[in-house]
Amino acid sequence: MVVKVFGPDYGNPKRVLVCLIEKGVEFETVPLDLFKGENRAPEFLKLQPFGSVPVIQDGDYTLFESRAIARYYAEKYKHQGTDLLGKTIEERGLVEQWLEVEAHSYNPPINDLAHEIVVGPLRGLTPDPKLIKENEEKLGKVLDIYEERLSKSKYLAGDFFSLADLSHLPMTQYLVGKMEKEYLIRDRKNVSAWWDDISSRPSWKKVVELWPGLY
Ligand SMILES: N[C@@H](CCC(=O)N[C@@H](CS)C(=O)NCC(=O)O)C(=O)O
């Protein structure tokens, strides 16, 4: 049974797409137009009661929340494709640590920036320069910690590419692309080299090429 991924054109679903490609799992995508409110259709709400994407259907198994889905496939296919979870329980601990950092410290200011700079204007709202400045500063502080970390190891959890790095791809692409805030990455030598490395993986290039979405 081929895995179905809903909402490939948006940021969070791309976390799932790139994970499935790294793991060599076959999938198909089901486009959904959030700007037309297709995520509020009763049929979709049966799959994802919060009305957001991604959600996957794998046979009769349904799962939402992009990081939960990525963890699920990284574990389910641990011995297939790229190992994204580390070889030891200690490595796994570090992968989990940086996944949490991505979700709770890195993602929120980028998400707020995306709403101010890209999504809001598409819905007719005017960007608030004060909010933009505040979130750029918040993100800058997080990236200073990344800069220090990445001076000690090539990737976030150690010297291996993991789910923690992968999880940063969608929103960072957005940041350096449509949001035009590439300086936040380029001003930091180690973060810049890390970004060049992870964003040049064939899996990610394929996602951006096939589902450019808002980037
Ligand atoms: N924590 C969720 C966030 C999902 C999310 O916010 N998705 C956006 C698209 S990138 C969405 O569906 N927005 C429309 C909405 O929530 O109404 C995840 O990682 O899956």
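Model, not experiment: these values are computed from the prediction.

**Let's talk about the UniProt feature "domain: GST N-terminal" (unreviewed entry) in the protein**
Argument step 1. As annotated in UniProt, the feature "domain: GST N-terminal" (unreviewed entry) corresponds to residues 1–81 in the numbering used here.
Argument step 2. A helix fraction of 37% and a strand fraction of 20% characterise residues 1–81, whose end C-alpha atoms lie 18 Å from each other.

**Quick word on the site of the ligand**
Argument step 1. Contacts to the ligand come from Y10, G11, N12, L34, N39, G51, S52, V53, P54, E65, S66 and R67.
Argument step 2. Among the secondary structure elements, those contributing two or more residues to the shell around the ligand are helix 1 (11–23) and helix 3 (66–76).

**Some thoughts on the domain arrangement of the protein**
Argument step 1. Here the domain parsing of the protein yields domain 1 (3–83) and domain 2 (89–200).
Argument step 2. Here the C-alpha centre of domain 2 lies 21 Å away from the C-alpha centre of domain 1.
Argument step 3. Listed by partner, the interface residues are 13 residues for domain 1 and 11 residues for domain 2.
Argument step 4. At the level of secondary structure, the elements contributing two or more residues to the side of domain 1 that touches domain 2 comprise helix 1 and helix 3.
Argument step 5. Of the residues contributing to the side of domain 1 that touches domain 2, the split by class is five nonpolar, three polar and five charged.

**Focus on the sheet that holds strand 3 (residues 55–58)**
Argument step 1. A sheet is described by the order of its strands in space; here four strands give the open sequence 2-1-3-4, paired in mixed fashion. Strand pairing shows two members of the sheet lacking a second neighbour, strand 2 (27–30) and strand 4 (61–64), which therefore form its edges. Shown here is a sheet whose adjacent strand axes are inclined to one another by a mean of 20°, direction ignored.
Argument step 2. Bridge count between strand 3 and strand 4: four bridges; the pairing is antiparallel. Looking at strand 4, one finds that I56 is bridged to L63.
Argument step 3. Together, strand 1 (3–6), strand 2 and strand 3 form the strand contacts of helix 1, whose direction differs from that of strand 1 by roughly 155°.

**Notes on unusual backbone geometry**
Argument step 1. Cis geometry marks the peptide bond from V53 to P54, where omega comes out at 10°.
Argument step 2. Checked against the element boundaries, P54 lands in the loop between helix 2 (42–47) and strand 3.
Argument step 3. Positioned with a positive phi, E65 is a non-glycine residue whose angle comes to about 80°.
Argument step 4. With respect to the helices and strands, E65 occurs in the loop between strand 4 and helix 3.
Argument step 5. For E180, which is not a glycine, the phi torsion comes out positive at approximately 55°.

Parameters at a glance
- Residues numbered from 1 in each chain as written.
- Predicted model: local features only at pLDDT ≥ 70, side-chain atom pairs only at ≥ 80, totals over all residues.
- UniProt positions renumbered as here; feature names shortened; annotations may be inferred.
- Helix = DSSP H or I, 4+ residues; strand = E, 2+ residues; numbered from the N terminus.
- Near = placed C-beta within 6 Å.
- Domains from an automatic or database assignment.
- Contact = placed C-beta atoms within 7 Å.
- Nonpolar A, V, L, I, M, F, W, Y, C, P; charged D, E, K, R; others polar.
- Pairing = 2+ DSSP bridges.
- Axes fitted to C-alpha atoms, helices over the stretch in contact; angles between N-to-C directions.

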